[in-house]
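Survey of secondary and tertiary structure
So you can see what is in the structure, the chains are spelled out below.
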Amino acid sequence: MKPLTPQKLAYPPWSSVLAHSIADQTIALAAIAQSATLVHNIATKGVANKDDADALINSLFAFDADSTESIYGSAKDLETGLDMLMNVFSAAPDKHTQTILRYMMNMLNLQARLAKHPGILDVLANRLKHAQRGNELMPESNHSLNTNLASIYQDTIGTLGFRINVVGNAEMLQKSENAEQIRALLLTGIRAATLWKQVGGKRWRLLFQRTKIKHTIEKLQAN
C-alpha cells in the first residue's frame, strides 16, 4: 500500500496546508487579535496602522498558501497581534484588552456559524475571487477596496443572525469610511478564525495551553 501523503484541506473560500503545530495556531490567533485590535482602534480613534491592515487584507486573497505564516507575509507582519495576544493571556487583562478578547471570541463564534452554511461560503468565495481579479486588473484605492469588502461582509456574514457589537467613539463610528474599514477587518478576522480551525485550533487549548501559547509568542517575536 502506498503511504498516505498530506493533502490540502479544502475549505471554501480558503484552503490551507494540514499543519497542526502550536506555532501555526498561534499565528492564526495573532491574526484574529490584530484584526480585533485594529477594529477597536478605528472605533475609538478613527485610525489603524496601514501596514497592519494591509497584512490582514492581503490574507483574504491567499486562497491556497504553502504555509500558515506566508498567508500574512511573515510573523513580523503580525507583531501588533502577537503583542495583543500576549496581553490577552496575561494574568489580569485590562478593560481595553477585555474588549479585544470579546471581539476575538465573537469572530470565532461567527466562523463556527459560517462553517454550517456552505451556500454562503460559496458566495463568499466567488465574491472574494471576483474582487481579487478586479483589483489585479485595476488596482483599487484602500478606500474602494474596503467598500467592496464591507459589502461582501454584509451580504454573507452579515446574514448569519449574529452581530458583533463594536463600541467606541460615536463620531468615529458614524463615518462611513470607518464603518466600511471595520467590516473589512472583521472579514479578515473571520478568515483568521477559519485558518485557526484548519490548523487544529480548539477552544479548550485557549484555557489549558496558555503557557505554551505564550512561549510560542515569545519565540515568534524573537525570530
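Residues numbered from 1 in each chain as written. Predicted model: local features only at pLDDT ≥ 70, side-chain atom pairs only at ≥ 80, totals over all residues. Heavy atoms only, no water.

Structural notes on the overall build of the protein
Our working definition: We count a stretch as a helix when DSSP gives it H or I for four or more residues in a row; a strand needs E for two or more, and each element gets its number in order from the N terminus. Note on classification: 1.4 Å probe, protein chains only; a residue is buried when its accessible area is under 20% of the maximum for its type, exposed when over 50%, partly exposed between these limits. Here a residue-residue contact requires only that any non-hydrogen atoms of the pair lie within 4.5 Å. All accessibility values rest on the Shrake-Rupley procedure with a 1.4 Å probe; residue burial counts only the protein chains present in the view.
When its secondary structure is counted, the protein shows 10 helices and zero strands. In the protein, the order of α-helices and β-strands from amino to carboxyl end is α-α-α-α-α-α-α-α-α-α. When burial is assessed residue by residue, the protein has 48% of its 223 residues classed as buried. Sequence-distant contacts, at least 24 apart, represent 82% of the contacts inside the protein between residues at least 6 apart. Of the roughly 11200 Å² that the protein leaves accessible, carbon and sulfur atoms contribute 53%.

Considering the packing of aromatic side chains
This is how it is decided: Working definition: a ring pair exists when centres of Phe, Tyr or Trp rings (six-membered ring for Trp) sit within 6.5 Å. Plane angles under 30 degrees give stacked, over 60 give edge-to-face, the rest tilted. Either the NZ atom of lysine or the CZ atom of arginine qualifies as a charge over a ring when it sits within 6 Å of the ring centre and within 35 degrees of the ring normal.
Using the criterion set out here, one finds zero aromatic pairs in the structure. Above the face of the phenylalanine 63 ring, lysine 129 is positioned so that its terminal group lies 5.6 Å from the ring centre.

Some points on the layout of surface pockets
Put simply, the rule reads: The rule is simple: put a 1 Å grid over the protein atoms alone, call a set of points where a 1.4 Å probe fits but cannot get out a cavity, call an open set with protein on both sides within 12 Å along at least five of seven lines a pocket, and count a residue as lining if it has an atom within 4 Å of a point. Grid points are joined across faces, edges and corners, and a volume is the space filled by probe spheres set on the points. Each residue gets one of three labels, nonpolar for Ala, Val, Leu, Ile, Met, Phe, Trp, Tyr, Cys and Pro, charged for Asp, Glu, Lys and Arg, and polar for the others, Gly among them.
By volume, the largest pocket is sized at about 380 Å³. As for the largest pocket, its lining consists of 14 residues, and the residues nearest its centre are Arg163, Ile164, Val166, Arg183 and Leu186. Ranked by residue count, the leading element in the lining of the largest pocket is helix 8 (residues 176-198), at four residues. Counted by class, the lining of the largest pocket contains nine nonpolar, three polar and two charged residues.

Quick notes on helix 8
Stated formally: How far a helix is expected to stretch is found by multiplying one less than its residue total by 1.5 Å.
The end-to-end C-alpha distance of helix 8 is 33 Å, a good match for the 33 Å that 23 residues give at a rise of 1.5 Å each. Once helix 8 ends, the next one or two residues include glycine 200, with phi positive near 95°.

Examining helix 3 (residues 79-88)
Within helix 3, burial applies to Gly81, Leu82, Met84, Leu85, Met86 and Val88. On its buried side, helix 3 packs onto helix 1 (22-45), helix 4 (95-114) and helix 10 (210-222).

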